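# Fold and geometry: a report
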Amino acid sequence: MNAPQMPLLSVEHLTMRFGGLVAIDDVSFEAPRAKITALIGPNGAGKTTVFNCLTGFYKPTVGRLALRHPARGEFLLERMEGYAIPASAGVARTFQNIRLFPGMSVLENLLIAQHNVLMRASGYTFGALLGFGGYAAAERRAIERARYWLERGDQRRLEIVRAMCTEPVLLCLDEPAAGLNPRESAELNALLTFIRDQHAITLLLIEHDMSVVMGISDQVVVLDYGRKIADGTPEAVRSDPAVIRAYLGEPEQAAPAQP
């Protein structure tokens, strides 16, 4: 009998303090390989702080953040410099506010995401200008990869497909459905499930749009005031009394019948 597969990401006892403020309080969860894990909760629950710890913007006060890259082995993200996490561990992130280069074409925005790969191919010299080494072949692959993802994302989803051009194993998405109408949300769902199913990428998703969360997530982790209050399938979380109280709202009680 095969042993159970280790999760791609294990977050263990994550705690983040800012002076006397505890933003994240002893949070643990796992993100299975090639699955979509949604991180939800009210504003101020600590969701973005978790992302900031995973991507090196913050150094956790306490905690172990283990990412098991299928080709490169295990990385302890809490010990790494932020700049090394995307390149070495294969973690990509998008932000709620789209961060594109307005002076560049769409294709150039997707090529700039592959800067590290192209620089290595150039030998960090003038090899790119002179055509030495494998730079020309690397550039062709970069353009092919950019065009591949460009066919699968429009301007609103460009930041997601730009992140995919870095060939991540973990894609962290910060409210990708913000400002989308129902049709656009459905197209986003299709793109994210395509990334999961066709490319076996693990996705970690912060989202307030419950039609997205409940429609595509394999598991949902719920935070409230920096603590984890639920962790399970969308169906289990939707009916969890603690989640209903903290995030989804208390159900209205019927008025008592008048005598």
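Bear in mind that the values here come from a model prediction, so they are computed numbers and not experimental data.

## Considering the overall build of the chain
- When its secondary structure is counted, the chain shows 11 helices and 10 strands.
- Evaluated residue by residue, the chain yields a buried proportion of 45% over its 259 residues.
- Residue pairs in contact within the chain that sit at least 24 positions apart in sequence constitute 63% of those at least 6 positions apart.
- For the chain, the computed accessible surface area is about 13,500 Å², with 54% contributed by carbon and sulfur atoms.

## Brief notes about the sheet that holds strand S4 (residues 62–69)
- The strand order across the open sheet built from 4 strands is S2-S1-S4-S5, with neighbouring strands paired in antiparallel fashion. Across the chains shown, the open sheet's two edge strands, defined by having one partner strand only, are strand S2 (21–31) and strand S5 (73–76). Looking at each pair of strands side by side, their axes are set apart by 20 degrees on average, direction ignored.
- Relative to S2, strand S1 (residues 9–18) is paired through 7 bridges, and the arrangement is antiparallel. Within S2, the residue paired with Phe-18 across the bridge is Leu-21.

## Describing the packing of aromatic side chains
- Applying the stated rule across the entire model yields 1 aromatic pair.
- Ring centres 5.2 Å apart and planes at 75 degrees place the aromatic pair Phe-18 and Tyr-58 in the edge-to-face group. Of this pair, Phe-18 sits in strand S1 while Tyr-58 sits in the loop between helix H1 (47–54) and S4, placing them 40 residues apart in sequence.
- Given a relative accessible area of 36%, Phe-18 falls into the partly exposed group.

## Looking at the pairing of S5
- Pairing of S4 with S5, which is carried by 4 bridges, proceeds in the antiparallel orientation. Within S5, the position partnered with Ala-66 by the bridge is Leu-76.

## A short note on the pattern of salt bridges
- The full count for this structure, using the stated rule, is 11 salt bridges.
- Linking Glu-12 and Arg-64 is a salt bridge whose minimum nitrogen-to-oxygen distance equals 3.4 Å. You can see Glu-12 sitting in strand S1 and its partner Arg-64 sitting in strand S4, a full 52 residues away along the chain.
- By relative accessible area, which is 30% here, Arg-64 ends up partly exposed.

## What to know about unusual backbone geometry
- The phi dihedral of Glu-167 falls on the positive side, at around 55 degrees, and the residue is not glycine.
- Within the fold, Glu-167 resides in the loop between helix H7 (158–164) and strand S7 (170–174).
- If you check the backbone angles, Glu-175 has positive phi at about 50 degrees while not being a glycine.
- Looking at the element boundaries, Glu-175 is found in the loop between S7 and helix H8 (182–199).
- For Glu-175, a relative accessible area of 14% corresponds to the buried category.

## Looking at the sheet that holds S7
- A sheet is described by the order of its strands in space; here 6 strands give the open sequence S6-S7-S8-S3-S9-S10, paired in mixed fashion. The open sheet is flanked by strand S6 (91–93) and strand S10 (227–232), the only strands paired with a single partner. Taken over all neighbouring pairs, the strand axes of this sheet differ in orientation by 15 degrees on average, direction set aside.
- The pairing of S6 with S7 spans 3 bridges and is classified as parallel. By the bridge assignment, Arg-93 is partnered in S7 with Cys-172.
- Where H8 meets the sheet, it contacts strand S3 (36–40), S7 and strand S8 (202–206), and its direction lies at approximately 150 degrees from that of S8.

Scoring rules and cut-offs
- Residues numbered from 1 in each chain as written.
- Predicted model: local features only at pLDDT ≥ 70, side-chain atom pairs only at ≥ 80, totals over all residues.
- Heavy atoms only, no water.
- Helix = DSSP H or I, 4+ residues; strand = E, 2+ residues; numbered from the N terminus.
- Buried < 20%, exposed > 50% of the residue type's maximum accessible area, 1.4 Å probe, protein only.
- Contact = heavy atoms within 4.5 Å.
- Areas by Shrake-Rupley, 256 points an atom, 1.4 Å probe, with all protein chains shown as cover.
- Pairing = 2+ DSSP bridges.
- Axes fitted to C-alpha atoms, helices over the stretch in contact; angles between N-to-C directions.
- Phe/Tyr/Trp six-rings, centres within 6.5 Å; stacked < 30°, edge-to-face > 60°.
- Salt bridge = Lys/Arg side-chain N within 4 Å of Asp/Glu carboxyl O.

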